[in-house]
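Secondary and tertiary structure notes
Listed below are the residues making up each chain.
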Amino acid sequence: MRLVNASLPDGGGRDIEIAGGRITALLPASAKPPSADDIDLRGALVLPPLVDGHIHLDKTLLGLPWVPNQAAGNQVTDRIEAERRVRAARTVPESVTGANLVRQVLASGTLHMRSHVDIDNQLGLRNLHEILKVREQFRGTATIQIVAFPQSGILRSPGTADLLDAAIAEGADLLGGLDPVGIDGDLDGHLDAIFGIAERRGVGLDLHLHDAGESGIVQIRAIAERTRATGLPGKVTVSHAFALGSVSTDLAARTADLLAETGIAIMSHGPGSAAMPPLKLLREHGVTVFGGSDNIRDAWSPFGNGDMLERAMMIGYRANFRHDAELAFAFDMVTAAAARVLGLAPYGIAVGGPADFVVVEAATLAEAVAARPRRKLVIKAGRPIARDGALVF
Ligand SMILES: [Zn+2]
């Protein structure tokens, strides 16, 4: 089959030939009329699939009756407590709400995601088991990478380290972490636990780090030193990293050099009120920066819908991006950069690569980010899976 009269982000009009779920040729748009098997895109823009580098499939309440936010204050610990209350009251399993969210993100063109899954000494591996079911349900359509995430800390939730280790044995892909100082109050103790398991199991790490200021920078430096020492360069992410946006440019730049040298990526979702890492500075220093939704309609946030074009817009809005090249950078954060971090290869619109596409009415990448147009078509391995924002499989 062919996608004919497609516009690609480089500005060219192409016919895209597809066989066996892969792109077999990219040809100049021809005058040859489409056959019955072909799809005529009439000049619409064809994008690579969107990638959500940070989502919480087990936390979402999507599809349930509205649950008001119950956090008593604005600290991470307030939200952890609020989530316990919400979780105790829920009767619908996380595999159901998680699947609701996967269907929603597929319809918006996200085919790949990294989901953190809560693990602590009360939950055990229950949420992991629920999200493993979701991964199985969407196997072949969505890539769901799972991070074993110690949402309640490790040292303050005794037994969690063993559970994290068991989670990897049962199918989680990476280890998470959470504010070693702000939550556990023990930088070395927290990092000893997760780097120890990561090294033994040969998996990567993706830590949530909300701790700001110099304390956050000290923690990033410690993570970098351990990344180097344990042979994990290229396999570690720091999510949020608000600290990089709350210290001097000089200190942020020196820290960026260390991140680049140790291959540590930074995830930002365009935080509402917290300090935003200096995205352009990081990229100029060679750091991979990528995007994710983070919380979507859960005990942490009432907002979010999993639309990564909208997320790119929010990141750009928070970063004060205006020029087309800056909007293209925001787009890169939710596509190619996130794909690199997730280890997706091959990825992108190229001969031999997967025939995965998102089709929108826009002239350029910048317009797609600014306007967040409805997804006309989402294609996985040459097969349409969503049209006009609704799933068709
Ligand atoms: Zn998160």
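Everything that follows concerns the structure shown earlier in this document.
What counts, and where the lines are drawn
- Residues numbered from 1 in each chain as written.
- Predicted model: local features only at pLDDT ≥ 70, side-chain atom pairs only at ≥ 80, totals over all residues.
- Heavy atoms only, no water.
- Buried < 20%, exposed > 50% of the residue type's maximum accessible area, 1.4 Å probe, protein only.
- Helix = DSSP H or I, 4+ residues; strand = E, 2+ residues; numbered from the N terminus.
- Pairing = 2+ DSSP bridges.
- Right-handed = clockwise from strand over helix to strand, strands pointing away.
- Donors = N, O, S within 2.8 Å, 3.2 Å for Na, K, Ca; no water.
- Tetrahedral: all angles 85-135°; square planar, octahedral: opposite > 155°, others 65-115°.
- Lys, Arg positive; Asp, Glu negative; His and termini not counted.
- Salt bridge = Lys/Arg side-chain N within 4 Å of Asp/Glu carboxyl O.
- Polar contact = N/O pair within 3.5 Å; in protein donor to acceptor, adjacent residues only side chain to side chain.
- Contact = heavy atoms within 4.5 Å.
- Phe/Tyr/Trp six-rings, centres within 6.5 Å; stacked < 30°, edge-to-face > 60°.
- Lys NZ or Arg CZ within 6 Å of the ring centre and 35° of its normal.

Here we take up the pairing of strand β7 (residues 110-118). Counting buried positions over the nine residues of β7 gives nine, a clear majority of the element. Note: strand β6 (residues 50-55) against β7, four bridges, orientation parallel. What sits directly across from Leu-50, in β7, is Thr-110. Considered for its hand, the β-α-β crossover made up of β7, helix α3 (residues 126-137) and strand β8 (residues 143-149) is right-handed.

This part takes up the coordination of the zinc ion. Distances from the zinc ion to its protein donors, His-54 (NE2), His-56 (NE2), His-208 (NE2) and Asp-294 (OD), fall within 2.1 to 2.2 Å. Relative to the metal, the four donor atoms surrounding the zinc ion lie at angles of 90 to 167°, and the coordination shape comes out irregular. Mapped onto the sequence, the residues coordinating the zinc ion show the spacing H-x1-H-x151-H-x85-D. In this pair, His-56 sits in the loop between β6 and α1 (76-89) while Asp-294 sits in the loop between β13 (289-291) and α9 (308-318), placing the two residues 238 residues apart along the sequence. Of the two residues examined, His-56 and Asp-294, each falls in the buried class.

Our focus in this paragraph is the side chain of Asp-211. Relative to the assigned elements, Asp-211 resides in the loop between β10 (204-209) and α6 (213-229). Arg-156 provides the closest opposite charge to the buried, salt-bridge-free Asp-211, at an N-O distance of 11 Å. Among the polar contacts made by the side chain of Asp-211, one reaches the side chain of Gln-219 at a distance of 2.9 Å. Setting aside its immediate chain neighbours within four residues, Asp-211 contacts Asp-179, Val-181, Gly-182, Gly-216, Gln-219 and Ala-243.

Let us look at the packing of aromatic side chains. Each pair of aromatic rings is reported with the distance of its centres and the angle of its planes. Going through the model one piece at a time under the given rule, you end up with one aromatic pair. A cation sits over an aromatic face here: Arg-283 above Phe-329, 3.9 Å from the ring centre.

Right, let's get into helix α4 (residues 160-169). Restricting attention to buried positions, one finds in α4 the residues Thr-160, Leu-163, Leu-164, Asp-165, Ala-167 and Ile-168. Those residues of α4 that are buried are in contact with α3, β8, β9 (174-178) and α5 (187-201). Phi turns positive one or two residues past the end of α4, at Gly-171, with a value near 130°.

Moving on, we get to unusual backbone geometry. In this chain, Ala-345 is followed by Pro-346 through a cis amide linkage whose omega measures 0°. Structurally, Pro-346 is set in the loop between α11 (336-342) and β14 (357-360). Positive phi values are uncommon outside glycine, yet His-240 reaches one of about 80°. For His-240, the position within the fold is in strand β11 (residues 236-240).

These results come straight from atomic positions and should not be treated as a statement about function.
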